[in-house]
Amino acid sequence: ISKGTSGGNSCQFVYANGLDGMDTVQNRTKTGPIESKGLLVCTDEEAEPVVVSPGLLLDVKLGVCPGDKEADTVEVGVGVSICYTLTNTGDVDLTNVQVNESGPSVALLTSGSSTTLQSTSPTFSEAGVETLFAQAAASYVDGDGSTQTLFSNGDSAIVVVEEPPALPAITC
């Protein structure tokens, strides 16, 4: 089914064989068959615009999923498990949901649902404090049928990287 307007009327063209022929209905203003491809149905009312409200919430925790730490301490040479919880807070399905540029992803996140994705940070090579920042991006189809990109909030977790303890001296 395709929708459009014609001369102040709201029209739907119902295709008999799935062909896309909106060009054949652009100047039609009345209901009736069109070249055996389907049926154009017009009303006197303007078509209501379709409004979508996409939303994507990201929560980052450390530890094996579901993760429960906002911060963690590890030794140099070790990485940490990172747990990303993605929640679709909008009224439209999201596709190709990707955490960071090369992080974990999910193909579909339906409206109102959540999913948890896990990854491991690279190993930390020196002592210090590291902030692991994340943001997710997703695609959705807006009310006009166009694909749009949506970005989540940014969230982070803190990792304190310490030198390993010194080995005790061995005396003989």
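Being a predicted model, the structure only gives us computed values, none of them experimental. (Residues numbered from 1 in each chain as written. Predicted model: local features only at pLDDT ≥ 70, side-chain atom pairs only at ≥ 80, totals over all residues. Heavy atoms only, no water.)

Section: the overall build of the protein
Phase 1: In terms of regular secondary structure, the protein is built from zero helices and 12 strands.
Phase 2: Listing each helix as α and each strand as β along the protein from the N terminus yields β-β-β-β-β-β-β-β-β-β-β-β.
Phase 3: Looking at the protein as a whole, 33% of its 172 residues are labelled buried.
Phase 4: About 10400 Å² of surface is accessible on the protein, with carbon and sulfur atoms providing 51% of the total. (Helix = DSSP H or I, 4+ residues; strand = E, 2+ residues; numbered from the N terminus. Buried < 20%, exposed > 50% of the residue type's maximum accessible area, 1.4 Å probe, protein only. Areas by Shrake-Rupley, 256 points an atom, 1.4 Å probe, with all protein chains shown as cover.)

Side note on the sheet that holds strand β7 (residues 81-88)
Phase 1: With respect to topology, three strands assemble into an open sheet ordered β5-β7-β10, the strand pairing being antiparallel. Two strands bound the open sheet, and with one partner strand each, they are β5 (56-62) and β10 (114-120). Strand-to-strand twist in this sheet, taken as the mean axis angle between neighbours without regard to direction, amounts to 20°.
Phase 2: The sheet contact formed by β5 and β7 spans seven bridges and is antiparallel. Across the sheet, the residue bridging to Leu62 is Ile82, located in β7. (Pairing = 2+ DSSP bridges. Axes fitted to C-alpha atoms, helices over the stretch in contact; angles between N-to-C directions.)

Side note on the nonpolar core
Phase 1: Membership of the largest hydrophobic core comes to 26 residues, with the highest contact counts inside it found for Leu56, Val80, Leu86, Leu94, Val97 and Val159.
Phase 2: The set of elements that each furnish at least two residues to this core consists of β5, β7, β8 (94-99), β9 (105-109), β11 (128-141) and β12 (147-162).
Phase 3: Top contributing element to this core by residue count: β11, with five residues. (Core = buried A, V, L, I, M, F, W, Y, C linked by side-chain atoms within 4.5 Å.)

A short note on the sheet that holds β11
Phase 1: Strand order in the open sheet made by the five strands is β6-β12-β11-β8-β9, with mixed pairing throughout. Each having just a single partner strand, β6 (71-75) and β9 make up the two edges of the open sheet. Averaged over all neighbouring strand pairs, the angle between strand axes comes to 25°, with direction disregarded.
Phase 2: The pairing of β11 with β12 spans 13 bridges and is antiparallel. Directly across from Leu132, in β12, lies its bridge partner Ala157.

Quick look at unusual backbone geometry
Phase 1: Here the residue pair Cys65 and Pro66 is connected by a cis peptide bond, since its omega of 20° sits within 30 degrees of zero.
Phase 2: Position of Pro66 relative to the elements: it lies in the loop between β5 and β6.
Phase 3: We note that Asn96 has phi near 50°; this positive angle belongs to a residue other than glycine.
Phase 4: As for its placement among the helices and strands, Asn96 is situated in strand β8.
Phase 5: At Asn100, a residue that is not glycine, the phi angle is positive and equals roughly 55°.
Phase 6: With respect to the element layout, Asn100 can be found in the loop between β8 and β9.

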